[in-house]
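An overview of the molecular structure
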Amino acid sequence: MPSALAIGDFSRATHLNIKALRHYHRIGLLEPAEVDPFTGHRRYTTGQIPTAQVIRRFRALDMPLEEIHAVITTADPQARNE
């Protein structure tokens, strides 16, 4: 698997649809590794797949996006686990 993935490939790898990925980028939940300034094409890294999978799992549990953001951005593991 390449280390940089187009949004469609990342979508298939994470089972998040493209519309959701674009929304998560807009709200700052899951930002692409790079965005082409001319075309706007988003590229993600394979290292972002675990975060995307956590987001997908929390969304499947109906966790609000604000809470997901708080969990995945918390540096303190104990606070994150609570």
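Before going into details, it helps to say that this report is about the structure given with it. (Residues numbered from 1 in each chain as written. Predicted model: local features only at pLDDT ≥ 70, side-chain atom pairs only at ≥ 80, totals over all residues. Heavy atoms only, no water.)

This part is about helix 1 (residues 7-14). Here helix 1 has its buried residues at I7, G8, F10, S11 and T14. Around the axis of helix 1, the buried residues are gathered within 160° of arc, so they sit on the same side. Buried residues along helix 1 sit in contact with strand 1 (4-6), helix 2 (18-27), strand 3 (42-45) and helix 3 (49-60). Residue H15 follows helix 1 closely and has a positive phi angle near 65°. (Buried < 20%, exposed > 50% of the residue type's maximum accessible area, 1.4 Å probe, protein only. Helix = DSSP H or I, 4+ residues; strand = E, 2+ residues; numbered from the N terminus. Arc of directions from axis to C-beta. Contact = heavy atoms within 4.5 Å.)

Our focus in this paragraph is the sheet that holds strand 3. Overall, antiparallel pairing links the 3 strands, which are arranged 1-3-2 in an open sheet. Each edge of the open sheet is held by one strand with a lone partner, namely strand 1 and strand 2 (34-35). When strand 1 meets strand 3, the two strands line up antiparallel, connected through 3 bridges. Paired with A6 across the two strands is R43, which belongs to strand 3. (Pairing = 2+ DSSP bridges.)

Here we take up the packing of helix 1 against helix 3. Where helix 1 contacts helix 3, the two axes come as close as 10 Å, and the packing angle between them is 60°. Comparing their axes, helix 3 and helix 1 come out oblique. Judged by the twist between their axes, the crossing of helix 1 over helix 3 is right-handed. Within the contact between the two elements, helix 1 uses F10, A13 and T14 and helix 3 uses I49, A52, Q53 and R56. Among the residues forming the contact of helix 1 with helix 3, the class breakdown is 4 nonpolar, 2 polar and 1 charged. (Axes fitted to C-alpha atoms, helices over the stretch in contact; angles between N-to-C directions. Parallel < 35°, antiparallel > 145°, perpendicular 65-115°, else oblique. Left-handed = near helix turned anticlockwise from the far one by under 90°. Nonpolar A, V, L, I, M, F, W, Y, C, P; charged D, E, K, R; others polar.)

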